[in-house]
Each structure stands twice: as C-alpha cells, then as structure tokens.
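A structural walkthrough
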Amino acid sequence: MSQLQQYFEPILGKQRTKNRIAAIALIVGGIAAAAWAFSQDYTQYPVARLGALSIIIVPVALIFLGVNLRPHKGLATLADPSRIVWYYGVLKSGHVVAVMIGFDDGELHRFPLPLISIKEGFSQEALQLLHAAAPHASSGFSEELRVAFHKDPPSLKSSRPV
C-alpha cells in the first residue's frame, strides 16, 4: 500500500461511514414515515404528501447507500503514483476541503480532507505528500491546466526527472 493510500484511506473510511449512517437513518425514517402516513386518513393532504415523500426518499437513500458501499475508485489508482498527472486543492470559505487528483487515463477523483484540516494543516500535508509521491505532476488549478487535462492528460506530466 502506497503512502498516499495510507493517508487517504482512513479519511475516506470515516466519510463513507458517516454517509452510510445517514443513508440508513433516511431509510428507517422514510419507512417509519410511510407506515405512519399510510395508517392515517388519506383525505388529509399533509399526511398524503408525507407518504409520497417517504416513497421517494427510501429508494434514493438505498441508491446512496449502495454507492457508498462500493470502494472508492481513486484509492486503488493511488497505488501507482506515476499515473498522477495533476492535482490541486479545492477551496471552500478560504480553506482547502478536498484534493482533486487527475490520472493519466483522464479520470479525475476527489479526495475529501477532514474538517479538522482547517486547524491542523491536513491540506498542506496532503499536498506535500502528493508533491513528494508525484513530483512529475502539475499542481494547482488554472483554466489552461483543466483544458489540457481534458484534451491530453499525460501532457501535464513535466519532463523533470523523477
């Protein structure tokens, strides 16, 4: 397992666990709401609306749960850092909340950082790990890099010796 995989795996695991708990809570809540709504008088408009909403929520939550049970596509790709051609931090409210990593096959994957990253410097640590593991990759975001990545991802690798 590469150093990048070891870094991002626990972060992704925590996020996916929270997503699974949220999906299960929506499923249970949706089933309970549907059971209650359908046991009531259908002539009451709010109760019928609650039943219809729960019929929509449960399948959506099941799909969300199914997606979160699948392994993260980008995590396996991090095993070979030579495939990384581009990476940049995603800013939200002035803080890096995720790292986008582009691979030589044209795939772009989002790797979230924990909320504690704002205080603890996780974002800088993640970017430093990426730079150390893939010194040949372009870093930072610009429109030119985005266009170049979509046209020819391997073109973003620098000619510097690795």
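Let us look at the structure shown here. (Residues numbered from 1 in each chain as written. Predicted model: local features only at pLDDT ≥ 70, side-chain atom pairs only at ≥ 80, totals over all residues. Heavy atoms only, no water.)

Burial analysis of strand β2 (residues 95–103) places 7 of its 9 residues in the buried class, the great majority of the element. Relative to β2, strand β1 (residues 84–92) is paired through 8 bridges, and the arrangement is antiparallel. Note that in β2 the partner of Y88 across the bridge is M100. The hairpin formed by β1 and β2 contains 2 residues between the paired strands, and S93 there has a positive phi angle of roughly 55°. Both β2 and strand β3 (residues 108–112) contribute to a ladder of 5 bridges, which runs antiparallel. What sits directly across from G102, in β3, is L108. Here β2 folds back onto β3, and the loop between the two strands holds 4 residues, one of which, G106, carries a positive phi near 90°. (Buried < 20%, exposed > 50% of the residue type's maximum accessible area, 1.4 Å probe, protein only. Helix = DSSP H or I, 4+ residues; strand = E, 2+ residues; numbered from the N terminus. Pairing = 2+ DSSP bridges.)

This next bit is on the sheet that holds β2. Pairing within the open sheet is mixed, and its 4 strands lie in the order β3-β2-β1-β4. The sheet is open, and its two borders are formed by β3 and β4 (138–139), each paired with just one other strand. Relative to β3, helix α1 (residues 3–38) is tilted by about 70°, and along the sheet it contacts β1, β2 and β3. Sitting on the sheet, helix α6 (residues 143–151) is in contact with β1, β2, β3 and β4, with an inclination near 135° to β1. (Contact = heavy atoms within 4.5 Å. Axes fitted to C-alpha atoms, helices over the stretch in contact; angles between N-to-C directions.)

Glancing now at α1. With 36 residues, α1 extends 53 Å from end C-alpha to end C-alpha; this agrees with the ideal 52 Å at 1.5 Å per step. The principal kink in α1, of about 30°, is found at E9, preceding the proline P10 by one to four residues. (Expected span 1.5 Å × (residues − 1). Bend = angle between axes of the 7 residues up to and from the residue.)

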